[in-house]
Amino acid sequence: ERLAAFLLPHPRTGREASGIGSRQPAAAPDVSPRRDGCPGETQFDVLVVGGGPGGSTAAAFLGRGGLSVALVEREPFPRFHIGESLLPANLPVLERLGVLDRVVDHGFLVKYGASFHDQESECEYTFYFREGKPWPHYSFEVQRTDFDQILLDHATRQRRVTLFQPATVEQV
């Protein structure tokens, strides 16, 4: 039995067509969501809403597990998000996902800990990631625009993941 169904966005008119009062970005006239030959209403095993790190990771794992996945992202990538400070425990997840080499090769800043500085008290504390844990003693400071794109690209390379972007879920 299918777990989710969704409708692709319907054509917008009036205020929605101009983007006023609409959360969905207007796409260029010759750009449409990737459909891979799917009609307007499509059945998938799983619907993942949002193509950020969590959604892309979930879609990739589910697709690799044999489920058909509709991955729906409202905004076109690349999109701006505040940077992300990954923790060392994230690295085994990225490795299991099969994307760690791409993250390493991208050249993100390697970090071995963090420093916190309180301007009022002038106190500063630096801590370093511990060695001897089931994960490395380092991690990365990533630019979300690049990191999110790496994860989304990886998810869409999974055979059973179909990306709809830009698109919004209107009915489940």
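A. Structural view of the packing of helix α2 (residues 53-64) against helix α5 (residues 144-156). Packing of α2 against α5 brings their axes to within 8 Å, and their N-to-C directions diverge by 20 degrees. By the criterion of interaxial angle, the relationship of α2 to α5 is roughly parallel. Note on packing geometry: the crossing formed by α2 with α5 is left-handed. Only Arg144, Phe147, Asp148, Leu151, Leu152, His154 and Ala155 of α5 make contact with α2, whose side of the interface consists of Pro53, Ser56, Thr57, Ala59, Ala60 and Arg64. Its residues assigned to classes, the contact of α2 with α5 comprises seven nonpolar, three polar and three charged.

B. Expanded view of the packing of α2 against helix α3 (residues 90-97). Running from amino to carboxyl end, α2 crosses α3 at an angle of 40 degrees, the nearest separation of the two axes being 10 Å. When the axis of α2 is compared with that of α3, the two are oblique. You can see that α2 and α3 cross each other, and the crossing is left-handed. For the pair formed by α2 and α3, the contact residues are Thr57, Ala60, Phe61 and Arg64 on the first element and Val93, Arg96 and Leu97 on the second. The residue inventory of the contact of α2 with α3, partitioned by class, reads four nonpolar, one polar and two charged.

Calculation rules
Residues numbered from 1 in each chain as written. Predicted model: local features only at pLDDT ≥ 70, side-chain atom pairs only at ≥ 80, totals over all residues. Heavy atoms only, no water. Axes fitted to C-alpha atoms, helices over the stretch in contact; angles between N-to-C directions. Helix = DSSP H or I, 4+ residues; strand = E, 2+ residues; numbered from the N terminus. Parallel < 35°, antiparallel > 145°, perpendicular 65-115°, else oblique. Left-handed = near helix turned anticlockwise from the far one by under 90°. Contact = heavy atoms within 4.5 Å. Nonpolar A, V, L, I, M, F, W, Y, C, P; charged D, E, K, R; others polar.

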